[in-house]
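# Commentary on secondary and tertiary structure
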Amino acid sequence: MIDLISDTVTRPTPAMRRVMAEAEVGDEQLGEDPSVNRLQEMVAELTGKEAALFLPSGTMCNLVGIKVHTQPGDRIIIERTAHPVTSEAGGPGLVCGVLTYLVDGVRGVFTAEQVEAAADPGDGVHTPPTTLVCIENTHNRGGGKIWPIETLQAVCATAHRLGLKVHMDGARLLNAVVATGLPAATWCRSVDTVWIDLSKGLGCPVGAVLAGDDETMRLARRYKQMFGGAMRQAGILAAAGIYALQHHVERLAEDHANARLLAEGLAETPGIGLDPAEVETNIVFFDVQNTGMTAAAFTEALLAEGVRMGAVGRYRVRAVTHLDVTRQDIERAIQAVRRVVLGRR
Ligand SMILES: *Cc1c(COP(=O)(O)O)cnc(C)c1O
């Protein structure tokens, strides 16, 4: 099967498994795992932050990232389709006790003016205090959209002028880095906390790393402990992350080229709606309404042809390229889509 459901389906390569098997380990919860410590140093350096913290998942990075900047009852500004809003099971509400002020972005990107309007402090009595802005870069539901750096910097400048912190969900930040050539530290300079996922396009089995200043990361470590995210000989997992940062970053360009190839093939298929120019990284969204099928019917028929994609709305389908799909796989996936669509006509 050609699996385009997500970049989370990647399996650790034989070379990655070897470094995992041979990893130096210690008690991570005591701060004594050398591989975890090394990974944290690497991510702190990569993002240009003072410190970093290895966590079991991206979801926990968002939870801890929101928690360190807020008090229960605060309001956070976040895009309507951002991952913590759509896919984190209500964690920010339950665990952090925050309210969300949802802004509508364009493919996930919103403006400094929207932040300014949303952060209106009101009379200081009735209005919940707004303390945090969350940015997602690249934006998943926005189709792997890269924030224009000027927009990101303007949002951060406005947030900081208003006394708000900024947390960046960088699950796929390295996709933005590779696609633009702008270093990670440039993307991270104006945000207060940021994290990267190791278990998406980087191909690791588990893990994500949150970064920020020393004081914030000390607090983050306390919440990691509280939420049950502290581990023991986690160096086995961190070794995969170190390997991925050394070997799997530049190659994200192949995923982007494959996504573009897929988008162009899909755009030439009758009944399928998408603009290939909107495909900037490794995520491709398209519309199947004019094929006469729902997204669910389309993806089911496609699965029978040996290709898995995700139905993410009545007529919307998502395909994600990654380490475990080749250019030939993409060519075969396009042919499979044509068989499904044309077979229906
Ligand atoms: C996958 C994802 C997450 C959550 O990461 P997990 O490691 O799956 O918990 C958060 N934000 C975005 C944008 C994601 O794509």
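Not measured: the values here are computed from a predicted model. (Residues numbered from 1 in each chain as written. Predicted model: local features only at pLDDT ≥ 70, side-chain atom pairs only at ≥ 80, totals over all residues. Heavy atoms only, no water.)

### What to know about the UniProt feature "domain: Aromatic amino acid beta-eliminating lyase/threonine aldolase" (unreviewed entry) in the protein chain
Taking the UniProt record as the reference, the feature "domain: Aromatic amino acid beta-eliminating lyase/threonine aldolase" (unreviewed entry) is found at residues 3-287. Annotated as residues 3-287, this span is 42% helix and 15% strand, and its ends, taken at the C-alpha atoms, are 19 Å apart. (UniProt positions renumbered as here; feature names shortened; annotations may be inferred. Helix = DSSP H or I, 4+ residues; strand = E, 2+ residues; numbered from the N terminus.)

### What to know about the nonpolar core
Counting 53 residues, the largest nonpolar core has F54, V133, I135 and W187 as the members making the most contacts within it. Residue contributions to this core peak at seven residues, all from helix α11 (residues 235-247). Look past the residues within four positions of I135 in its chain and what remains in contact with it is F110, W147, L152, V155, C156, V166, H167, M168 and D169. The next biggest cluster of nonpolar side chains, apart from the first, holds 29 residues, and it includes A263, V288, A295 and F298. (Core = buried A, V, L, I, M, F, W, Y, C linked by side-chain atoms within 4.5 Å. Buried < 20%, exposed > 50% of the residue type's maximum accessible area, 1.4 Å probe, protein only. Contact = heavy atoms within 4.5 Å.)

### Notes on helix α3 (residues 58-69)
Taking 1.5 Å of rise per residue, the 12 residues of α3 would be expected to cover 16 Å, and the 17 Å separating its terminal C-alpha atoms lies within 8% of that figure. Across the 12 residues that make up α3, a large majority, 11, are buried. (Expected span 1.5 Å × (residues − 1).)

### Some thoughts on the site of the ligand
T59, D169, R172, D197 and K200 are the nearest of the 15 residues found near the ligand. Within the side chain of T59, one N or O atom sits 2.7 Å away from an oxygen atom of the ligand. At 2.8 Å, a side-chain N or O of R172 approaches an oxygen atom of the ligand. Considering the ligand on its own, with 380 Å² of exposed area, one finds that the protein chains cover 87% of that surface. The element contributing the most residues to the shell around the ligand is α3, with three residues. Here the shell around the ligand is composed, by residue class, of two nonpolar, seven polar and six charged. (Near = heavy atom within 4 Å. Polar contact = N/O pair within 3.5 Å; in protein donor to acceptor, adjacent residues only side chain to side chain. Areas by Shrake-Rupley, 256 points an atom, 1.4 Å probe, with all protein chains shown as cover. Nonpolar A, V, L, I, M, F, W, Y, C, P; charged D, E, K, R; others polar.)

### Side note on the sheet that holds strand β7 (residues 193-197)
The seven strands are arranged β2-β8-β7-β6-β5-β3-β4 in an open sheet whose pairing can be described as mixed. The two strands at the open ends of the sheet, each matched to only one other strand, are β2 (51-55) and β4 (99-103). Pairwise comparison of adjacent strand axes, ignoring direction, gives a mean angle of 20° for this sheet. (Pairing = 2+ DSSP bridges. Axes fitted to C-alpha atoms, helices over the stretch in contact; angles between N-to-C directions.)

### Remarks on the packing of aromatic side chains
In this description, a pair of aromatic rings is defined by centroid distance and the angle of the planes. Applying the stated criterion across every chain yields a total of three aromatic pairs. Look at F110 and W147: their rings are 5.0 Å apart centre to centre, the planes differ by 85°, and that puts the pair in the edge-to-face class. Linking F110 in the loop between β4 and α6 (112-118) with W147 in the loop between β5 (130-136) and α7 (149-161), this pair joins segments that are 37 residues apart in sequence. Residue classification places W147 among the buried positions, given a relative accessible area of 1%. Centre to centre, the rings of Y223 and F227 are 5.9 Å apart; their planes meet at 25°, and the pair counts as stacked. Residue classification places F227 among the partly exposed residues on the basis of a relative accessible area of 22%. The residue whose ring lies beneath R316 is F285, and the NZ or CZ to ring-centre distance is 4.0 Å. (Phe/Tyr/Trp six-rings, centres within 6.5 Å; stacked < 30°, edge-to-face > 60°. Lys NZ or Arg CZ within 6 Å of the ring centre and 35° of its normal.)

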